[in-house]
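Listed below, chain by chain, are the residues.
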There are 2 protein chains.
Amino acid sequence: MDDPVLLTGAGGHVGRTVYERLADDYDWRLMYHTQPTEEPEAPYFTGDVQETEDVRPAMADAGTVIHLAGDPRRDAPWRSVLTNNIDGTHTVYELAVECGVERVVFASSNHAVGAFETDERTPEMYRADDEFRLDGTELPRPGNKYGISKATGETMGRYYHDEHGIDVCNIRIGNLNEDHPPIDYERGQAMWLSPRDCAHIHDCALRADYDYEIVYGISDNDRKYYSLERAKDVLGYEPRDNSAEWDGAERISNDL
Amino acid sequence: MDDPVLLTGAGGHVGRTVYERLADDYDWRLMYHTQPTEEPEAPYFTGDVQETEDVRPAMADAGTVIHLAGDPRRDAPWRSVLTNNIDGTHTVYELAVECGVERVVFASSNHAVGAFETDERTPEMYRADDEFRLDGTELPRPGNKYGISKATGETMGRYYHDEHGIDVCNIRIGNLNEDHPPIDYERGQAMWLSPRDCAHIHDCALRADYDYEIVYGISDNDRKYYSLERAKDVLGYEPRDNSAEWDGAERISNDL
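You'll find chain A entered in an unreviewed UniProt entry as NAD-dependent glucose-6-phosphate dehydrogenase, with Halovenus aranensis given as the organism. What UniProt records for chain A under Function (unreviewed entry) is the sentence "Catalyzes the NAD-dependent oxidation of glucose 6-phosphate to 6-phosphogluconolactone." UniProt, in its Subunit (unreviewed entry) section for chain A, records the words "Homodimer."

Q: Just to check I follow, could you spell out the overall build of chain A for this structure?
A: Scanning chain A from terminus to terminus reveals seven helices and nine strands. Here the C-alpha atoms of chain A give a radius of gyration of 17 Å, agreeing with the 18 Å that 2.2 N^0.38 yields for 256 residues. A principal-axis box enclosing the C-alpha atoms of chain A has dimensions of 50 × 35 × 35 Å. The proportion of buried residues among the 256 residues of chain A is 62%. Sequence-distant contacts, at least 24 apart, represent 69% of the contacts inside chain A between residues at least 6 apart. Roughly 10,400 Å² of accessible area belongs to chain A as shown, and the carbon and sulfur atoms make up 40% of that amount. Chain A carries 25 positive and 52 negative side-chain charges, and their two centres are separated by 5 Å.

Q: Sorry if this is basic, but what is going on with the side chain of Asp203(A) here?
A: Mapped onto the elements, Asp203(A) comes out in helix α6 (residues 195-207). With residues near it in sequence (within four places) discarded, Asp203(A) still touches Leu22(A) and Tyr26(A).

Q: Explain the interface of chain B and chain A here, please?
A: Reports of interface size often rely on the accessible area that becomes lost once the parts have come together. Of the residues lining the interface, 29 residues belong to chain B; the matching set on chain A comes to 29 residues. Buried area between chain B and chain A, both sides added, is near 2,400 Å², and the carbon and sulfur share of it is 65%. Taken together, chain B and chain A are joined by six salt bridges. Ionic pairing is found between Glu94(A) and Lys145(B), a salt bridge with its closest N-O pair at 2.8 Å. Our enumeration of links across chain B and chain A arrives at 15 residue pairs in polar contact (both at pLDDT 80 or more). Among the elements of the structure, α3 (78-99) and α4 (145-164) of chain B are those that each provide at least two residues to the side of chain B that touches chain A. By residue number, the principal contributor to the side of chain B that touches chain A is α4(B), which donates 11 residues. Here the residues of the side of chain B that touches chain A are counted per class, giving 13 nonpolar, seven polar and nine charged.

Q: Whenever I open this one, the sheet that holds strand β9 (residues 212-217) of chain B confuses me. Can you help?
A: Adjacent strands of a sheet pair through backbone hydrogen bonds, lying either parallel or antiparallel. Residues and elements named next belong to chain B. Ordered in space as β3-β2-β1-β4-β5-β6-β9, the seven strands form an open sheet in which the pairing is parallel. Sheet topology places β3 (44-46) and β9 at the edges, where each strand pairs with a single neighbour. Strand-to-strand twist across the sheet, computed as the mean angle between neighbouring axes with direction ignored, equals 15 degrees. Looking at chain direction, strand β2 (residues 28-32) and β3 are connected through three bridges and run parallel. Looking across to β3, one finds that Leu30 is bridged to Tyr44.

Q: Explain the state of the cysteines to me, please; I cannot follow it from the model alone.
A: One way to say it: the disulfide is the covalent bond shared by the sulfur atoms of two cysteines. All names here are of chain B. Scanning the model with the defined rule gives zero disulfides over all chains in all. Lacking any disulfide linkage, Cys169 is separated from the closest cysteine sulfur, that of Cys204, by 9.4 Å. Classification of Cys204 as buried rests on a relative accessible area of 7%.

Q: Which parts of the structure should I look at to understand the packing of aromatic side chains?
A: Two aromatic rings, taken as a pair, are described by how far apart their centres are and by the angle between their planes. Summed over the entire model, instances satisfying the criterion amount to 16 aromatic pairs over all chains. Between the aromatic rings of Tyr126(A) and Tyr225(A), the centroid separation amounts to 5.6 Å while the plane-to-plane angle is 50 degrees, which identifies the pairing as tilted. Pair noted here: Tyr126(A) is in the loop between β5 (103-109) and α4 (145-164) and Tyr225(A) is in the loop between β9 (212-217) and α7 (229-235), with a separation of 99 residues, a long-range link. For the pair Tyr32(B) and Tyr44(B), a centre-to-centre distance of 5.9 Å together with 90 degrees between the ring planes defines the contact as edge-to-face. Placement of Tyr32(B) in strand β2 and of Tyr44(B) in strand β3 is noted, with a sequence separation of 12 residues between them.

Q: In this structure, what is going on with the pattern of salt bridges? I would like to understand it.
A: A full pass over the atoms with the stated rule returns 40 salt bridges over all chains. Of the charged contacts in the structure, one is a salt bridge between Arg187(A) and Glu117(A), with a shortest N-O distance of 2.4 Å. Taken as a pair, Arg187(A) in helix α5 (residues 186-190) and Glu117(A) in the loop between β5 and α4 lie far apart in primary sequence, 70 residues in all. Given a relative accessible area of 13%, Arg187(A) falls into the buried group. We classify Glu117(A) as buried; its relative accessible area is 12%. Across the pair Asp162(B) and Arg158(B) runs a salt bridge, and its minimum N-O distance is 3.0 Å. Placement of both Asp162(B) and Arg158(B) in helix α4 is noted, with a separation of four residues, approximately one turn of the helix. When its relative accessible area of 14% is taken as the criterion, Arg158(B) is described as buried. Through salt bridges with shared partners, a single network forms among Asp27(A), Arg29(A) and Asp61(A).

Q: What's the story with the relation of the copies chain B and chain A in this structure? I'm lost.
A: Here the second copy of the chain follows from the first by a rotation about an axis and a shift along it. Expressed as a screw operation, the relation of chain B to chain A combines 0.0 Å of axial shift with a rotation of 180 degrees, fitting to an RMSD of 0.0 Å. The transformation just described matches what one would write down for a two-fold rotation axis.

Q: Which parts of the structure should I look at to understand the UniProt feature "binding site: NAD(+)" (unreviewed entry) in chain A?
A: Residue and element names in this part refer to chain A. Sequence positions flagged by UniProt for "binding site: NAD(+)" (unreviewed entry) are, in local numbering, Asn84, Ser109, Tyr146 and Lys150. Here Asn84 shows up in helix α3 (residues 78-99). Setting aside residues no more than four positions away along its own chain, Asn84 makes contact with Val49, Gln50, Gly70, Asp71 and Thr89. Residue classification places Ser109 among the buried residues on the basis of a relative accessible area of 3%. In contact with Ser109, not counting residues within four places along its chain, are Tyr146, Lys150, Ile171, Arg172 and Ile173.

Rules used throughout
- Sequence order as written defines residue numbering, which begins from 1 separately in each chain.
- Think of it this way: whatever chain is written first is A, whatever ligand is written first is 1, and the rest follow in order.
- Since the coordinates come from a predicted model, pLDDT governs what is reported: local features require at least 70, and pairs of side-chain atoms require 80 or more to be given and counted, while whole-chain, interface and lining totals use all residues.
- The side-chain numbers reported here are obtained from all heavy atoms of the structure, hydrogens and water having been left aside.
- UniProt positions are given in the numbering used here, feature names are shortened, and annotations may be inferred rather than shown by experiment.
- Helix numbers and strand numbers start at the N terminus; a helix is a DSSP run of H or I with at least 4 residues, a strand a run of E with at least 2.
- The quantity called the radius of gyration is restricted to C-alpha atoms. Its globule counterpart is 2.2 Å times the number of residues to the power 0.38.
- Think of it in three bands: with a 1.4 Å probe and only protein chains considered, a residue is buried below 20% of the maximum accessible area for its type, exposed above 50%, and partly exposed in between.
- Between two residues, a contact is recorded if the distance between any of their heavy atoms is within 4.5 Å.
- Accessible areas in this description were obtained via Shrake-Rupley with a 1.4 Å probe; residue shielding takes into account the shown protein chains only.
- The charged-residue count follows a simple rule in which Lys and Arg add positive charge and Asp and Glu add negative charge, with His and chain termini not counted at all.
- To locate a charge, take atom NZ for lysine, CZ for arginine, CG for aspartate or CD for glutamate.
- A 1.4 Å probe defines the accessible area here, and the buried area is the portion of it lost by two parts on being joined, summed over both.
- Salt bridges are defined by distance alone: a side-chain nitrogen of Lys or Arg within 4 Å of a carboxyl oxygen of Asp or Glu.
- Here a polar contact is taken to be a pair of N or O atoms separated by no more than 3.5 Å, where protein atoms must pair a possible hydrogen donor with a possible acceptor and residues adjacent in sequence count only if both atoms sit in side chains.
- Note that Gly is not counted as nonpolar here; it falls among the polar residues with everything else outside the nonpolar set of Ala, Val, Leu, Ile, Met, Phe, Trp, Tyr, Cys and Pro and the charged set of Asp, Glu, Lys and Arg.
- Two strands are counted as paired when DSSP detects at least two bridges linking them.
- Angles run from 0 to 180 degrees between N-to-C directions of axes, and those axes are lines fitted to C-alpha atoms, restricted for helices to the stretch in contact.
- Pairs of cysteine sulfur atoms within 2.5 Å are identified as disulfides in what follows.
- Stacked, tilted and edge-to-face pairs are distinguished by plane angle, under 30 degrees for stacked and over 60 for edge-to-face with tilted covering the rest, among Phe, Tyr and Trp rings (Trp via its six-membered ring) whose centres lie within 6.5 Å.
- What sets the superposition is a least-squares fit of C-alpha atoms, and only residues with pLDDT of at least 70 in both copies go into it.

In C-alpha cells, the structure reads:
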C-alpha cells in the first residue's frame, strides 16, 4: 500500500469525504473534472475521465485506484452516463491494465438495485422490523439510467478481474448525507452512509484482502434493507453510525 | 401475437435462421444493417440500430421486437460494442416505449458468462459427466468486451421491464453452427444450438407468458453446462437436438 492511490472524482461529494478524512493515510493522486477551487496538498490532475490522455498522467505511478468519477445525478440522461460513467469506467480499467494497477475500488450505487423497491415492498422495506435484505449476490435491478451505468461498471470490473487479475471492490454506496441522516425520508434513513463510515469503508477497501467483491456501503442503520455481512466479513468494515441514533442535535459528520 | 414482429439484425446468422424457419408464422418487419443481397418477402428497413431515426420506421407498428442487431464478433473492440451493442440496445428499448411495444426478446450470449470457464474448470466442465451448471441466476462474468455489452443489454432490459412494463426475455445464445455441431471442439459441442432449436426457442419466446427472463439457448447437448430448466419451464422450450447424437453424416440443419 505504499504505491500512490489515485482518486478519480476527487471533487465530488464522496471524493471530498474520502480525501478529507484519509488525507494523511495514503500517498494520493487526485483527479478532478474541473480545476478545484482550493489547491489540494496532493498532486492533482484535471480532465475528462473517459479521455485516455487526460487520465493516463494521473494514473501513471498509481498502484490502486478509487474510481468515483462520473455523472452522479440519479436522473442523468443516457448520453451522459454512456459517456461519463460507462465509457469513463472502461477508460479507467484499460489504463489500470496499462499502468499495472493492482486494485480498483469502484463507486457503484444503490441505484444499481433501486427497482427492488417495488410498490409492494415499500415503504415497509424501509422499516426496522422488515426483514427484506439485498446482499450483493442478486442480479442488478437499476431504477434509472444512472443505475444501469453503475451495474455495467460492476460487470466491467468482473471482466478486468477475471481477465487481468485486478482486485475489484464495488461499493454500492447508499445516501451520503453530511451532518445528519436524511430527515422525514425513510428510504434515505435506511441507506444513510455517514461521512466517517464512508471514509472508513473506502479505507477498508484499500487495505483488505479480496479478489472481486460487491458490497453495500451504508451505515449500520436499524432501517437497512442492505446486508452489511459481506462488507464486514471481507473488508473488515465496522460501521459506527446508525440513522436511528441521531438525536437531532449532534452533528455526526464533525465527530471524527 | 397479431401485431407485427420486428426482427433487428435480420441479416445476421441468428436472424436468418429465425426468419427462414418462422417466415410464415408471423407478420415480420425486418431490419438490416446494409441492403440485403436478396429481396426479402417481408417489409424491410436498413440502418444503424443505434440511430433513432433509422429504427423508428421499422418499429412503428410492431408489437414485439426480437433484437439481434449488434456487432457479433467475440473480439469486437470496445468502441464498436459501446456504440452498436450498448447504445444500440438503448435505442431499441427507448423506441419500444415510444411505440408501445409489449415485448422484447434480446439476443444475449454465452460470452456474458464466458469467464466462468476458468482454467480450473476446463475442459472438464465441457464433458457429459461433469455436473457444473449455470442457470441464469448467476451474476454475469463476461469473457470479452462483447460479453460486457451483452450483460449490459440484459440489465437494461431489467430496467425497461421494471420501469415500463415491457416483457423481456434474454436468450444467452450458445454456438449456432449450421449443418452439424462443432467438430473437435468440446466447448462448441457443449453449447451447440442447432438451427431448428434456435428458431424454436425464439418462437417460444414470442408466444410464452413471462415477465423478465434470462434463459440459455442451446440444444439439449450431453456436454452442456448451461441448465435448460428455465427455458423449458417458462418458455416451453423443447429442444430436439444434441451434439452427442450427430453421427457425422446427417446434415441436421436440413432436417426440418
